[in-house]
Every structure is written in C-alpha cells, then in structure tokens.
Amino acid sequence: MKYKDDLDDAALLELIQRQTFRYFWDFAHPISKLARDRSDPRPSFDPEVVATGASGFGIMAIIVAVERGWISRTAATDRLLGIVHFLEKAQRHHGVFPHFMHGTTGATIPFSGKDDGGDIVETSYLCMGLLSARQYFARDTAKENKLRAKINALWQDVEWSWHTRGGAKALYWHWSPRYAWDIGLEIRGWNECLITYVLAASSPSHAIAADAYHRGWAEGAQFRNGKEFYGVCLPLGPDYGGPLCFAHYSFLGLDPRGLKDRYADYWEQNVNHTLINREHCIRNPGQFKGYGRDCWGLTASDDHLGYHAHDPAHDLGVISPTAALSSFPYTPEHSMRALRHFYYGLGSKIWSEYGFVDAFSETLDWCAPSHIGIDQGPIIVMIENYRSGLLWKLFMSCPEVQRSLRSLDFESPAIG
C-alpha cells in the first residue's frame, strides 16, 4: 500500500492514528456499528462477530476522532446513539455482556465451549469506553443528553457483584446461563484486568467491596514480583512482565501518572514492564531475524500458529506493532523509533488500509492477514494519551471512578 514520505513526528502520529481509526469507523458492523472482532480475508472469517472489549476501545477512538477533527461531533453522536440503542437490545447476562455478540441480532456468540454468557472483563472495557463518552459528550443538547442517559442506564444495569458468586473474595471472569460458574476462573493479578476491579467498585448500583480487591486481585499468585530482569526492577506481574497488553488495556482510561496504592507505583510498573520487553528484543536470546532497537514489542496477538500471548518468556519470534505503539506514553523515544521502522522500513509489507497488520515474523517471512480490534484500539487511544492525555482526563473525571479509587486506597493527582 502506498505510504507518505518524510513526515515529522507529529504528522506521522496523526497519520497512524487516523488510518487505524478506519477500522472502527469504516469497518464497523453495518447494523450494530460495534467493532468487529477482526478483519480477515480467510474463508473462516465471520463478519457478524463483534467484540465487546474492542467496541469499548472503539468508542474511545471515536472521541479521539472528534477531538482531532476527523469526523464531526454530530456524526459521532449519531453513531454512538446507534451503538447504545443496539446494546440496550442485545443479550445480557445479569447486565453483563458476552465476549462476542452477533452484530445483527445482538445474540451471544460463545467464545468457547462453556463461555456462552457474561464476560465481566470485556464488559469492563466496554464500560470504560462508554463512561469516557459520557464525560466527553456533555453538552446540553437533546442528542447528547439522550446519549448520557442511555449510557448511565447500561452502566447501572451491570451486576458486578453477581460475579463474586454471592460474596466470594474475588471476581469471577465468566458466568453462563447453562453452565453457571463451571469455568471457575477467578480474576487475580497481575494481568490486564485491573480496570475490572476499579469499575466493579465504582458501580452506583452493584458495587463490590474493597476487600475483593485486596484479598482477590492483590493475592494473585503472580501479583508481586520485585525482581530485576535485564537490570530493570519489575514491581508486579510474572517474570519478565508478561505481554505488554497488561500495561495498555486497563490504562486506556486509568491514568497511571502518579497512580499508587499499597502495592505499586503504576507508572513505574508500566514503564519498567515496557523497558524489559524492549530490552529482551534487543538482546534477542532466540536470535530472531529483525529484532532490535528499531523492532520490538511482544504482546497478545495473532501469530503463524494461531493466537497467543507473546512475551519474553513465551517468544515465538513474532512482533506485534500494537505493543510498541501503545507504549508511547511510557517510552516515547523508543516507540517513535519503532514506529518509523514499522512505517518506513517495513511498510510495504505490514501497512494497510486499517493501519498496521496485527503481527509479523521476519524469521518466518510471515505477516498476519488480519487486524484485531482489541489491538487496534490501544494504538489510537494510547498515542492520544501521549499527545494530549485526553482519555485519561475524561475517564478519571468520572465521579464514580474517583470514589472507587479512594475506596480502594489509591492515590492519584487526578482524584479530587
């Protein structure tokens, strides 16, 4: 695909954000307007599958598009009203949305054998986007008033406390109308789910107790770390940090700058996690082709074997552009170096109508044929947080979020 030469940093960031935004605007499902799970030319691709979490990220991307002047505020409001109207009619499970929905009917599409009901983590990503939109579209107009009212109703209907199974000390990820709690997956840290606990404690109608955060999330087997990897201390998480989405998904809205609790400084956590991930690619113990200072970033994405959570401890030689690009707030110089390499050095292979493809491996001479919504969204939003802090300001301005963070004993300059 043709690309532009000799762009300065600001122009290149704008181009990357805007092209990636097309995934959520032009490629959105034609009925629901939600984000399709993926774009994929293969026959097995089902264009009816929309993803709850990716749609939350897409809503945040629409806010960026209005702020940057790519679309009008009226067009965005109309699109979002269509989305929330569809969500009102879609199948929910105690107010909780499934991982996947049918984009025309709103019916649950099972994610796996017993995962055919509510997914509280994907719902938290959706709610993060909806609440950010509520804060942004705050004008006293008929359409924006209606949008905020609909968002509040959806938000208040989510029964977060249901996912404690009657008061257990942790949240459970899934509930099924047929299999109940058979999956039995407790949400314990450290991983991509911090936002789930923050929002569960924020609910004006179905809040969990702070004890679930401290005795559930913070007592995960891989929560505390404190060891050094490549000379960098990692406060939390599995050895080497895990996939970089841990530093992205929750922090599209949660502002990590100055965010602290009794367990960690979350800015330090995310910066150090990113530096460890990058340093692993520079040292390249697997001797994979292309790895280095210009080409780094391991996270959950497609690969030549399917879909896996890539990280330094599980490295298949696959680079995911979203990993470095969504890390712009943490490592701007390193991320810009990677961006210029991806665009100018590899653009003829990995740049497309919706931005960069999901992943690639120079060792295998392989490029993903697809984009994945949950990887595309963080590129737009985290670059914007680096440029202006827009989504951080919006989400952290939610009074429910501020009350939740105080109740969980967080400190943040954003807490009033």
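See the structure printed just above.
Rules used in this analysis
- Residues numbered from 1 in each chain as written.
- Predicted model: local features only at pLDDT ≥ 70, side-chain atom pairs only at ≥ 80, totals over all residues.
- Heavy atoms only, no water.
- Axes fitted to C-alpha atoms, helices over the stretch in contact; angles between N-to-C directions.
- Helix = DSSP H or I, 4+ residues; strand = E, 2+ residues; numbered from the N terminus.
- Parallel < 35°, antiparallel > 145°, perpendicular 65-115°, else oblique.
- Left-handed = near helix turned anticlockwise from the far one by under 90°.
- Contact = heavy atoms within 4.5 Å.
- Nonpolar A, V, L, I, M, F, W, Y, C, P; charged D, E, K, R; others polar.
- Core = buried A, V, L, I, M, F, W, Y, C linked by side-chain atoms within 4.5 Å.
- Buried < 20%, exposed > 50% of the residue type's maximum accessible area, 1.4 Å probe, protein only.

(A) Inspection of the packing of helix α3 (residues 73–89) against helix α5 (residues 142–157) at higher detail. In contact at an axis separation of 10 Å, α3 and α5 are set at 30° when each is read in the N-to-C sense. On the basis of their axis angle, the class for α3 and α5 is roughly parallel. The element α3 and its partner α5 pack so that their crossing is left-handed. Counted together, R73, T77, D78, L80, L81, V84, H85, L87 and E88 of α3 and K143, E144, K146, L147, K150, I151 and L154 of α5 form the full contact between these two elements. Of the residues belonging to the contact of α3 with α5, the class tally is seven nonpolar, two polar and seven charged.

(B) How the structure looks around the packing of helix α1 (residues 9–25) against helix α10 (residues 332–345). Packing of α1 against α10 leaves a shortest axis separation of 11 Å and a crossing angle of 65°. Between α1 and α10, the angle is such that the two are roughly perpendicular. Here α1 and α10 pass one another in a crossing that is left-handed. Where α1 abuts α10, its residues D9, L12, L13, L15 and I16 lie against M336, L339, R340, Y343 and Y344. Partitioned by chemical class, the residues of the contact of α1 with α10 number eight nonpolar, no polar and two charged.

(C) Expanded view of the nonpolar core. Residues L194, L199 and Y266 are the most contacted members of the largest nonpolar core, which totals 104 residues. Among residues more than four places away in sequence, those in contact with L194 are Y213, W217, S250, F251, L254, Y266 and F410. In this structure, L13, L339, F356 and I383 belong to the second largest nonpolar core, which totals 30 residues.

(D) Spatial organisation of the environment of P238. Considering the arrangement of structural elements, one finds P238 in the loop between β8 (232–236) and α8 (266–283). Note on P238: relative accessible area 13%, which makes it buried. Sequence separation between P238 and R224 is 14 residues, and the spatial gap between their C-alpha atoms is 8.1 Å. Look past the residues within four positions of P238 in its chain and what remains in contact with it is W190, Q222, N225 and F246.

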